[in-house]
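Chain by chain, the residues run as shown.
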Amino acid sequence: MVTFKVSRVDTTPFEGQKPGTSGLRKKVKVFIQPHYLQNFVQATFNALGADRVKGATLVVSGDGRYYSKDAIQIITKMAAANGVRRVWIGQNGLLSTPAVSAVVRERVGADGSKATGAFILTASHNPGGPHEDFGIKYNMENGGPAPEGITNKIYENTTAIKEYLIAEGLPDVDISTTGVSSFEGPEGKFDIDVFDSTSDYLKLMKSIFDFPSIQKLLSSPKFSFCYDALHGVAGVHAKRIFVEELGADESSLVNCVPKEDFGGGHPDPNLTYAKELVARMGLSKTHSEPNPPEFGAAADGDGDRNMVLGKRFFVTPSDSVAIIAANAVQAIPYFSGGLKGVARSMPTSAALDVVAKHLNLKFFEVPTGWKFFGNLMDAGMCSICGEESFGTGSDHIREKDGIWAVLAWLSILAYRNKDNLGEGNLVTVEDIVRQHWTTYGRHYYTRYDYENVSADGAKELMAHLVKLQSSIDEVNKIIKGIRSDVSNVVHTDEFEYKDPVDGSVSQHQGIRYLFEDGSRLVFRLSGTGSEGATIRLYIEQYEKDSSKIGRDSQEALAPLVEVALKLSKMQEYTGRSAPTVIT
């Protein structure tokens, strides 16, 4: 048996290793600096403390982006040196973020071991490649992201770190072949278990959904299906689940071979970046598809986000979570006993609020960041939740889950069409959404992203918006000077959240302008970019009148968009005449 020694390597701190809402994200050129990744990993081990590290079982995997394979070897050697008992690695280092959460919560090793945490190597929906982004985050024993108490401690440790531990004499492990390798170190045995990436996640999905009914839908000649993984890690799971288990044709899968640079694309499942799927679904402005599939979906790089499309029809993420919640008890066996509650992030449209009120469900509005949902789920207060940023999930794990959302939609379509796959017209995605609007009203909604703007300009814009809030009368005077047809603002604030589970308070979570007619403007600085600042502007208008729910979204929102851009002085502070992305 190979033995290794523990080396203590002297190091000095790097500036800016503060984890954001989803870990630490920087350009690859930053991460590959000597000691950079090692400092962050050691700071994490130190923050967790010896009781959580010695003898632990850790998952180390990710979305396969550039530098992942090197990072897996470094982290594995550092885990061994810090007294971790075993490391579990998905085959080829590939595990979607939701699959990691499932593995932490569900997998039992051959020796009866259970995972106690995970390092996930991902920058989510950010581009990959030698000149693009890399990221790392730590998830806890519940399968969810580390809470702020831990991430703050990690950051403090990065500012004062003097040394890190690494195993000397431990060879690189072959992550392309499944199996257990055993080594001996100063503290005893250390195992590396390379395992099948999809089995545990698939088993969980089969316990949630009625696979035979989805299979029946997918086998119907009336129904066609398309799934685009944007060359991210979800492609590994998609082939196994949709083709091998559910019988979809292999031609239904697009860009499902994971690539280190995501094929040169931007692995963000929205109408701007998922160009091939958008064209295939008949929604391209430049290309007319004669016969689009009935249902289409896309994933991001690490498989936790999703975009849902019908034939020539886009489903907003805000509507998607509301529709899943409204149909879950009937269509998804896992929820047949009822929902414990529902939750959305503050910038997400209020479509879910209306469903919660209608169905008499507990409802929570939380800051952006999945850990807030995780607290509610751990306390048994929330079953289904979602974010407008294409993230949807439930209490089966503690991360958003893109494939889960697709299976939820296929379950609803299977349920609605259970009696007419032979004769009669298919109930389509568009039918389901329009019926939902008729029942609950429509929340016209859009998001404008201004990416990589000057951090100083972004801060000045936000300060300007806060200052404006000191006088609602003055705000309304400015608004009427821009558009007289826009309703009056009745409330302004910076969103603050007191967690009902642990009592923690999260401040400065977004600047809100709430209108008399239920419309909203929300301005937020995003924490998911790797450089510069990203300003997100959310615009929403509620329409209860069923005769007015069929308008084009951008047309319906045009007055509010004009107000938002002029009120915030967006161009003046950012130098941008248009957003980078509109969703």
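Being a predicted model, the structure only gives us computed values, none of them experimental.

The rules behind each value
- Residues numbered from 1 in each chain as written.
- Predicted model: local features only at pLDDT ≥ 70, side-chain atom pairs only at ≥ 80, totals over all residues.
- Heavy atoms only, no water.
- Helix = DSSP H or I, 4+ residues; strand = E, 2+ residues; numbered from the N terminus.
- Rg over C-alpha atoms; globule rule 2.2 N^0.38 Å.
- Buried < 20%, exposed > 50% of the residue type's maximum accessible area, 1.4 Å probe, protein only.
- Pairing = 2+ DSSP bridges.
- Domains from an automatic or database assignment.
- Salt bridge = Lys/Arg side-chain N within 4 Å of Asp/Glu carboxyl O.
- Expected span 1.5 Å × (residues − 1).
- Bend = angle between axes of the 7 residues up to and from the residue.
- Polar contact = N/O pair within 3.5 Å; in protein donor to acceptor, adjacent residues only side chain to side chain.
- UniProt positions renumbered as here; feature names shortened; annotations may be inferred.
- Core = buried A, V, L, I, M, F, W, Y, C linked by side-chain atoms within 4.5 Å.
- Contact = heavy atoms within 4.5 Å.
- Axes fitted to C-alpha atoms, helices over the stretch in contact; angles between N-to-C directions.

Within the chain one finds 19 helices and 26 strands. Computed over C-alpha atoms, the radius of gyration of the chain comes to 24 Å, within 12% of the 25 Å expected from 2.2 N^0.38 for 583 residues, which places it in the range of a compact globule. Reported as C-alpha extents along the three principal axes, the dimensions of the chain are approximately 75 × 60 × 45 Å. In the chain, which comprises 583 residues, the share counted as buried stands at 60%.

So, on to the pairing of strand 24 (residues 520-526). Most of strand 24 is tucked away: 6 of the 7 residues are buried. Pairing of strand 23 (residues 511-515) with strand 24, which is carried by 4 bridges, proceeds in the antiparallel orientation. Within strand 24, the residue paired with arginine 512 across the bridge is valine 522. The turn linking strand 23 back onto strand 24 is made up of 4 residues, and glycine 518 within it adopts a positive phi angle of 95 degrees. When strand 24 meets strand 25 (residues 533-543), the two strands line up antiparallel, connected through 7 bridges. Paired with leucine 521 across the bridge in strand 25 is isoleucine 539.

What the domain assignment reports for the chain is domain 1 (5-197), domain 2 (201-440) and domain 3 (442-582). For domain 1 versus domain 3, the separation of C-alpha centres amounts to 37 Å.

So, on to the pattern of salt bridges. Taken as a whole, this structure holds 35 salt bridges when the rule is applied. Between aspartate 172 and lysine 77 there is a salt bridge, with the nearest N and O atoms lying 2.3 Å from each other. Of the two residues, aspartate 172 is situated in the loop between strand 7 (163-168) and strand 8 (179-185) and lysine 77 in helix 4 (residues 68-81); the sequence distance between them amounts to 95 residues. A residue is classified by how much of its surface remains accessible, and aspartate 172, at 53% relative accessible area, is exposed. Across the pair arginine 86 and aspartate 111 runs a salt bridge, and its minimum N-O distance is 3.1 Å. Within this pair, whereas arginine 86 is found in strand 4 (residues 86-90), its partner aspartate 111 is found in the loop between helix 5 (97-106) and strand 5 (117-121), the two being separated by 25 residues in sequence. Judged by its relative accessible area of 47%, aspartate 111 is partly exposed.

A few words on helix 18 (residues 553-568). Because the α-helix completes a turn every 3.6 residues, residues three or four places apart line up on one side. With 16 residues, helix 18 should reach 22 Å at 1.5 Å per residue; the first-to-last C-alpha distance of 21 Å fits that figure. Most pronounced at proline 559, the bend in helix 18 amounts to some 45 degrees. Taken together, the buried positions of helix 18 are Ser553, Ala556, Leu557, Pro559, Leu560, Val561, Val563, Ala564, Leu567 and Ser568. Between the side-chain oxygen at the start of helix 18 and the backbone nitrogen of glutamine 554 there is a gap of 3.2 Å, and the oxygen is on aspartate 552. With its phi angle positive at about 55 degrees, lysine 569 sits one or two positions after the end of helix 18.

We now examine the UniProt feature "domain: Alpha-D-phosphohexomutase alpha/beta/alpha" (unreviewed entry) in the chain. With numbering matched to this structure, UniProt assigns "domain: Alpha-D-phosphohexomutase alpha/beta/alpha" (unreviewed entry) to residues 17-164, 200-309 and 318-419. Helix and strand shares over residues 200-309 are 33% and 14% respectively, and the end C-alpha atoms of the span are 28 Å apart. Within the segment residues 318-419, helix and strand shares are 46% and 16% respectively, and the terminal C-alpha atoms sit 29 Å apart.

Counting 80 residues, the largest nonpolar core has Tyr227, Phe242, Phe295, Leu407 and Leu410 as the members making the most contacts within it. Ranked by residue count, the leading element in this core is helix 14 (residues 402-416), at 11 residues. Taken domain by domain, the makeup of this core includes at least three residues from each of domain 1 (5-197) and domain 2 (201-440). Tyrosine 227 has contacts with Ala234, Ala238, Phe242, Ser252, Leu253, Val254, Cys256, Ala297, Ala299, Ile403 and Val406, leaving out every residue within four places of it along the chain.

The topology assignment puts isoleucine 32 in the loop between helix 1 (28-31) and helix 2 (36-48). Here the alpha-carbon distance between isoleucine 32 and proline 130, two residues 98 residues apart in the chain, equals 9.9 Å.

Our focus in this paragraph is the pairing of strand 8. The pairing of strand 8 with strand 9 (residues 188-195) spans 7 bridges and is antiparallel. Among the inter-strand pairings, glycine 179 is bridged to a residue of strand 9, identified as valine 194.

So, on to the sheet that holds strand 24. Pairing is antiparallel in the open sheet, where 6 strands are placed in the order 20-23-24-25-19-26. Strands with a single pairing partner mark the edges of an open sheet, and in this sheet they are strand 20 (489-494) and strand 26 (581-582). Relative to strand 26, strand 19 (residues 442-453) is paired through 2 bridges, and the arrangement is antiparallel. The residue of strand 26 that forms the bridge with aspartate 449 is valine 581. In the packing of helix 18 onto the sheet, the strands contacted are strand 19, strand 23, strand 24, strand 25 and strand 26, and the crossing angle to strand 19 comes to about 45 degrees.

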